[in-house]
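# Architecture and fold: a report
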Amino acid sequence: MSPEISIVVPFYNVEPYIDQCLDSIRKQTFGDFEVLCVDDRGRDNSIEVVEKYVRLDSRFKLIRQDENRGPGAARNVGMRMAGGKYITFIDPDDWVEPDLLEKEHEAIVRHGVDSVWIRFRRYYEDDGRFEPAIVQAPAGLVKLDADIVTGNLGSGCDKLCSLPFLRRNGVEFDEGIFHEDLGYVFRLCCCAGTIYQIPDALYNYRQRKGSTSTNAYAGSGRMLDMLEGWRRSLAFLRERGMFEEKKEWLLRLYESHFGLYLFLRPCKLEGVARLRDFLREIDFPAAYEPTGAEVLKAVAGCGKVHCWNLVYFFFLALTRLHPNRSARERWKVWLRVKFRAK
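Residues numbered from 1 in each chain as written. Predicted model: local features only at pLDDT ≥ 70, side-chain atom pairs only at ≥ 80, totals over all residues. Heavy atoms only, no water.

If you tally the helices and strands in the chain, you get 14 helices and 10 strands. Across the 342 residues that make up the chain, the buried fraction comes to 49%. Taking contacts inside the chain between residues at least 6 apart in sequence as the whole, the part at least 24 apart equals 81%. Put simply, the chain shows about 16,200 Å² of open surface, and 50% of that area lies on carbon and sulfur atoms. (Helix = DSSP H or I, 4+ residues; strand = E, 2+ residues; numbered from the N terminus. Buried < 20%, exposed > 50% of the residue type's maximum accessible area, 1.4 Å probe, protein only. Contact = heavy atoms within 4.5 Å. Areas by Shrake-Rupley, 256 points an atom, 1.4 Å probe, with all protein chains shown as cover.)

Encoded structure:
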């Protein structure tokens, strides 16, 4: 008989942590699940820990890959082999509260949505400190919009989803690049429409030195990986005829999760060229340009811009990438209005 929930746990060199992760899953108050532990060919003894749980509990299964392919590919392997009605992902250095699955399953069945979200709290390994969960969406049924999506585009681990829904829409993690969660969550949001947000913090997200997520923002190569993820999401929208409907979401997410990052870490010439190409692909910043009447009104009533608004200065610099001079000048005015002092 197929399990109700499939849990995918990809692992790579996490021997000190994976026992706590798997133990927290085994202690769930909801018991109808399977755990697919996907070996990403690490060099430590993590696999021996996993094999212990496979022997102890028939719900735990070990999937071995032939080579190291990264967390995105490992999660996709688990997703393709999953047999449950619903699926969730847990990173091997994190752990969950005992009632996680029970609350997620009750909510997704009762409300008939394709995805249920929980809140998570950060645990800082260096000093043992917990950071309270940030409220990114109101509790209950939530109709997704640009604001909600922008605030939640970070992790695929705090969401329980209908597995047929993901397969039907072709929603998977990006492979071969860092920031593999971004595209998965964005495409999930574009297809789901409405989700249910559980207000409880049921997932403990470990912050440790040397983890993939900690190092994912270092270097221009990682920045270009993020840009590649956006390009794949753009292709996803166009293939499904959703580009015009969700174009604003893509632009807003670019601004929030990518624009400021580029401003703080100036990219190399190769990065600038790829950035320019991508902006042209999504007609940016033309989608944000005001009408002629709005420009005249802005010129007459523009206030003083905050001196230390880094986002403003980034976008001001970004206008230089736009090939049309008239559009550049109009957008500069719009920026002054948007970021003027209150």
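Once you've had a look at it, read on.
Of all 11 residues in helix α3 (residues 71-81), 8 are buried; the element is thus mostly enclosed. Buried residues of α3: Gly72, Ala73, Ala74, Arg75, Asn76, Val77, Gly78 and Met79, and no others. Contacts from the buried residues of α3 go to β1 (5-11), β2 (33-39), β3 (60-64), β4 (86-89), α6 (163-169) and α7 (180-192).

Okay, the nonpolar core next. Leu22, Ile25 and Tyr184 are the most contacted members of the largest nonpolar core, which has 78 residues in total. Examining the composition of this core, we find that 9 residues originate from one element, α7, more than from any other. Ignoring anything within four residues of it in the chain, the contact list for leucine 22 reads Val9, Cys37, Val50, Tyr53 and Phe60. In terms of nonpolar packing, the next biggest core, distinct from the first, is built from 6 residues, Tyr312, Phe315, Trp331 and Leu335 among them. (Core = buried A, V, L, I, M, F, W, Y, C linked by side-chain atoms within 4.5 Å.)

All right, on to the packing of aromatic side chains then. Across all of its chains, the model carries 8 aromatic pairs by this definition. Geometrically, the ring pair formed by tyrosine 53 and phenylalanine 60 is tilted, given 5.6 Å between the ring centres and 40 degrees between the ring planes. Both residues of the pair, tyrosine 53 and phenylalanine 60, belong to the buried class. Ring centres of phenylalanine 89 and phenylalanine 173 lie 4.9 Å apart, and the angle between their planes is 80 degrees; this geometry places the pair in the edge-to-face category. One end of the pair, phenylalanine 89, is in strand β4; the other, phenylalanine 173, is in the loop between α6 and α7, and 84 residues separate them in sequence. One aromatic cluster is present, formed by Phe89, Phe173 and Tyr184 through successive ring pairs. Lying across the ring of phenylalanine 130, arginine 121 places its NZ or CZ 3.9 Å from the centre. Positioned over the ring face of tryptophan 249 is lysine 246, at 3.9 Å from the centre of the ring. (Phe/Tyr/Trp six-rings, centres within 6.5 Å; stacked < 30°, edge-to-face > 60°. Lys NZ or Arg CZ within 6 Å of the ring centre and 35° of its normal.)

Here the focus is helix α1 (residues 18-26). Burial in α1 covers these residues: Ile18, Cys21, Leu22, Ser24 and Ile25. One face of α1 carries all of its buried residues, which in axial projection span an arc of 155 degrees. On its buried face, α1 is in contact with β1, β2, α2 (46-56), β3 and β5 (95-96). (Arc of directions from axis to C-beta.)

Here the focus is the packing of α3 against α7. A packed helix pair is summarised by two numbers, namely the angle formed by the two axes and the spacing between the axes. Contact pair α3 / α7: the axes reach a minimum separation of 9 Å and the direction vectors enclose 45 degrees. As summarised for this structure, α3 and α7 are arranged oblique, according to the angle between their axes. Here Pro71, Gly72, Arg75 and Met79 of α3 lie close against α7, whose contacting residues are Glu180, Asp181 and Tyr184. By residue class, the composition of the contact of α3 with α7 is 3 nonpolar, 1 polar and 3 charged. (Axes fitted to C-alpha atoms, helices over the stretch in contact; angles between N-to-C directions. Parallel < 35°, antiparallel > 145°, perpendicular 65-115°, else oblique. Nonpolar A, V, L, I, M, F, W, Y, C, P; charged D, E, K, R; others polar.)

This paragraph deals with the pattern of salt bridges. Applying the stated rule across the entire model yields 27 salt bridges. Among the salt bridges present, the one from arginine 75 reaches aspartate 91, with a minimum N-O distance of 2.7 Å. In this pair, arginine 75 sits in helix α3 while aspartate 91 sits in the loop between β4 and β5, placing the two residues 16 residues apart along the sequence. For the pair arginine 75 and aspartate 91, a shared accessibility class is recorded, and that class is buried. Of the charged contacts in the structure, one is a salt bridge between glutamate 125 and arginine 206, with a shortest N-O distance of 3.8 Å. Highlighted residues: glutamate 125 in the loop between β6 (115-124) and β7 (129-131) and arginine 206 in strand β10 (residues 194-207), separated in sequence by 81 residues. Each of the salt bridges in this network shares a partner with another, and the network as a whole consists of Asp174, Arg187, Glu228, Arg231 and Arg232. (Salt bridge = Lys/Arg side-chain N within 4 Å of Asp/Glu carboxyl O.)

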